[in-house]
Amino acid sequence: KMVGLSQNYAPVQPIKFSHRIHVKENEINCLFCHNGPEYSRESGIPTTNVCMICHNKIKSGQHTGEFEISKIRKSFEEKKPIAWTKIHNLPDHVFFSHAEHVSNGKIDCRKCHGPVEDMDVTYQYASLSMGWCVQCHRQTEVQFRENIFYSGHIDLINDLKSGKINKVT
């Protein structure tokens with residue numbers, strides 16, 4: 001696996017976890033389980049404690065019965081974290097902050113992670129190459145409206161209002 005250039009990388013995980021079941025069928029928001037992207041560089045892989053919020057009561061699944069969920073319960077009871085394999089890996093020299101993109105940029109998770117709600121097996125949707133990032137930055141408009149992060153950019157806001165410019169990327 002080449003770091004950061006592994007589009008469609010889908011490692012075998014210790015638990016057969018389906019985002020389709022959790023996101024699409026059960027309508028769980030990304031930020032319920034991944035509680036880091038709004039405030040930190042990392043999005044964070046959910047801890048077993050997060051899984052147990054629901055799986056304390058939900059002990060059986062429609063597709064895998066009790067087998068996969070029992071692995072979560074065992075992890076919780078033994079106080080041993082689940083050894084998930086990280087899917088999205090960037091080179092050490094790359095600084096990427098989820099908070100900058102999610103909270104400040106108002107970028108939807110699917111822009112980088114793809115149609116997660118349809119994934120029974122999670123995979124790396126985008127190439128995450130420098131060119132891919134640069135292309136997005138050149139095309140994505142800065143969201144000034146109701147966004148305190150950009151409120152200090154008075155000249156750009158005034159230029160947009162006056163029609164001097166029609167967008168900022």
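Because the structure is a prediction, the values reported are computed rather than measured.

Remarks on the nonpolar core
Core analysis: the largest hydrophobic core is formed by five residues, namely I15, C51, M52, I72 and I82. The contacts of I82, once residues within four sequence positions are left out, are P14, I15, T48, I72 and S75.

Observations concerning the pattern of salt bridges
Within this structure, the stated rule accounts for six salt bridges. Linking R20 and E25 is a salt bridge whose minimum nitrogen-to-oxygen distance equals 2.3 Å. Where R110 meets E117, a salt bridge forms, and the shortest distance between an N and an O atom there is 2.7 Å. R110 sits in the partly exposed class, given a relative accessible area of 33%. When salt bridges that share partners are traced, they join R20, E25 and D120 into one network.

Structural notes on the environment of Y150
By secondary structure assignment, the location of Y150 is in the loop between helix 7 (130-139) and helix 8 (154-162). A residue is classified by how much of its surface remains accessible, and Y150, at 16% relative accessible area, is buried. Setting aside chain neighbours within four positions, we find Y150 in contact with N104, G105, V142, Q143, F144 and I157.

Looking at the packing of helix 3 (residues 48-55) against helix 4 (residues 67-78)
Taken N-terminus to C-terminus, the directions of helix 3 and helix 4 make an angle of 125°; their axes are 10 Å apart at the nearest point. As far as their axial angle goes, helix 4 and helix 3 are oblique. When you trace helix 3 past helix 4, the crossing you get is left-handed. Residues T48, N49, C51, M52 and H55 of helix 3 form the contact with helix 4, whose own contacting residues are I69, I72, R73, S75 and F76. Counted by class, the contact of helix 3 with helix 4 contains five nonpolar, four polar and one charged residues.

The rules behind each value
Numbers given to residues run from 1 along each chain, matching the order in which its sequence is written. For this predicted model, a pLDDT threshold of at least 70 governs which residues receive local features, and a threshold of 80 or more governs which side-chain atom pairs are given and counted, while totals over whole chains, interfaces and linings are taken from all residues. Only hydrogens and water are set aside when side-chain values are computed; all heavy atoms of the structure are taken into account. The set of buried Ala, Val, Leu, Ile, Met, Phe, Trp, Tyr and Cys residues whose side-chain atoms join them within 4.5 Å is what this entry labels a nonpolar core. Burial classification: accessible surface area is computed with a 1.4 Å probe over protein chains only, and a residue below 20% of its type maximum counts as buried, one above 50% as exposed, and the rest as partly exposed. Any pair of residues with heavy atoms lying within 4.5 Å of one another is described as a contacting pair. We count a salt bridge whenever a side-chain nitrogen from Lys or Arg sits within 4 Å of a carboxyl oxygen from Asp or Glu. Only DSSP runs of H or I reaching four residues or more are called helices, and only runs of E reaching two or more are called strands; each is numbered from the N terminus. Between N-to-C directions, angles cover 0 to 180 degrees, with each direction set by a line fitted to C-alpha atoms, over the stretch in contact for helices. If an angle is under 35 degrees, it is roughly parallel; if it is over 145, roughly antiparallel; if it lies from 65 to 115, roughly perpendicular; otherwise it is oblique. Here is the rule for handedness: rotate from the far helix to the near one, and if that takes an anticlockwise turn smaller than a right angle the crossing is left-handed, while a clockwise turn gives right-handed. Think of it as three bins: nonpolar holds Ala, Val, Leu, Ile, Met, Phe, Trp, Tyr, Cys and Pro, charged holds Asp, Glu, Lys and Arg, and polar takes everything else, Gly as well.

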